[in-house]
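Examining the three-dimensional arrangement
Next come the chains, spelled out residue by residue.
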Amino acid sequence: MTRQQLIEHIFTKKTFLCVGLDTDIKKIPQHLLGNDDPIFDFNKAIIDATAKYCIAYKPNLAFYECMGTKGLSAFERTVEYLKETYPDHLIIADAKRGDIGNTSAMYARTFFDGYDIDALTVAPYMGEDSVTPFLEYENKWVILLALTSNKGSHDFQLTTDQDGERLFEKVIRKSQAWGTPDNMMYVVGATQGKMFQDIRMLAPDHFLLVPGVGAQGGSLQEVCKYGMTDDCGLIVNSSRGIIYASGDTDFAQVAAIKAMELQREMATELDKVNK
Ligand SMILES: O=C(O)c1cc(=O)[nH]c(=O)n1[C@@H]1O[C@H](COP(=O)(O)O)[C@@H](O)[C@H]1O
């Protein structure tokens, strides 16, 4: 999906919501557990219920890989279902990959050739040659970790070098020589509040993938106030806050309500942008 297509979907549907498919067999409703593929059935119901309120889905690979071949098969079926039924939705594989160049090339082949997924989260800390193999694919996106939502983001990302530059700033500054706003986004946690201002000074045009609203307590209003651009420039993810809002037979309806609530707030924010 191109940047222009992504922007069009956002302004047409009046949403920049990404629903996180962090599907945990221990958390899905009991009544699905007797099915042949409960993880896929759960995902399908969530997708059908929320598709009109979002522009992206983000399955996190950890939740599938921990179940071995069954989990990977559920992941593959979910991706196939999305591509067949909702081809306009961006699919983000949240795998946080990155390794020496020839190994990164294998990860890129897996996600961009094999699964034909639109976007992949990538860790930047092994440097340029660990990231560039992912950038060789047309109309695919690398989403580089910049300033994450968790407490541990203070351990390294917020530390300063002798010139006063923070590590996340160095990541954003240097990586702009590798990719462009047409093929690279940055992860910035919704919990980072005013830090979005600093990010926008360095990356005024890049899309930001913003996890951390809902279960982690980040504020959508604050993210929009400091991070939104004329092109929106934001994809805001919520996983647990939507998919586990009910643990009962009504889980999909309740997920739809939660997604709709976020979509309405997003529509209000998008109305403030001159487009
Ligand atoms: O890369 C990510 O998506 C990510 C980065 C980050 O800084 N924080 C973060 O929570 N995530 C992911 O975003 C999702 C957040 O899930 P919830 O907290 O349940 O909405 C999980 O899949 C996390 O792995």
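Residues numbered from 1 in each chain as written. Predicted model: local features only at pLDDT ≥ 70, side-chain atom pairs only at ≥ 80, totals over all residues.

1. Quick word on the nonpolar core
Membership of the largest hydrophobic core comes to 80 residues, with the highest contact counts inside it found for Leu17, Leu120, Ile143, Leu144, Ala146 and Val236. A total of seven residues in this core trace back to one element, the largest contributor, which is strand β5 (residues 141-147). For Ile143, the residues in contact, after removing those within four places along its chain, are Ile92, Ala119, Leu120, Thr121, Val122, Met185, Val187 and Leu209. (Core = buried A, V, L, I, M, F, W, Y, C linked by C-beta atoms within 7 Å. Buried ≥ 20, exposed ≤ 12 C-beta atoms within 10 Å, placed from the backbone. Helix = DSSP H or I, 4+ residues; strand = E, 2+ residues; numbered from the N terminus. Contact = placed C-beta atoms within 7 Å.)

2. Focus on the site of the ligand
As a structural note, the neighbourhood of the ligand is formed by 20 residues, with Thr148, Ser149, Pro211, Ser239 and Arg240 the closest of them. For the shell around the ligand, the secondary structure elements donating two or more residues are β8 (234-238) and α10 (240-243). (Near = placed C-beta within 6 Å.)

3. Comments concerning unusual backbone geometry
One non-glycine residue, Lys14, adopts positive backbone phi at about 55°. Checked against the element boundaries, Lys14 lands in the loop between α1 (3-13) and β1 (17-21). Judged by C-beta crowding, with 16 C-beta atoms within 10 Å, Lys14 ranks as partly exposed. Phi at Lys96 takes a positive value of approximately 45°, unusual for a residue other than glycine. Within the secondary structure layout, Lys96 lies in strand β3 (residues 90-97).

4. Focus on the UniProt feature "domain: Orotidine 5'-phosphate decarboxylase" (unreviewed entry) in the chain
Residues annotated by UniProt as "domain: Orotidine 5'-phosphate decarboxylase" (unreviewed entry) correspond here to residues 16-255. Here residues 16-255 is 36% helix and 18% strand, with 16 Å between the C-alpha atoms at its ends. (UniProt positions renumbered as here; feature names shortened; annotations may be inferred.)

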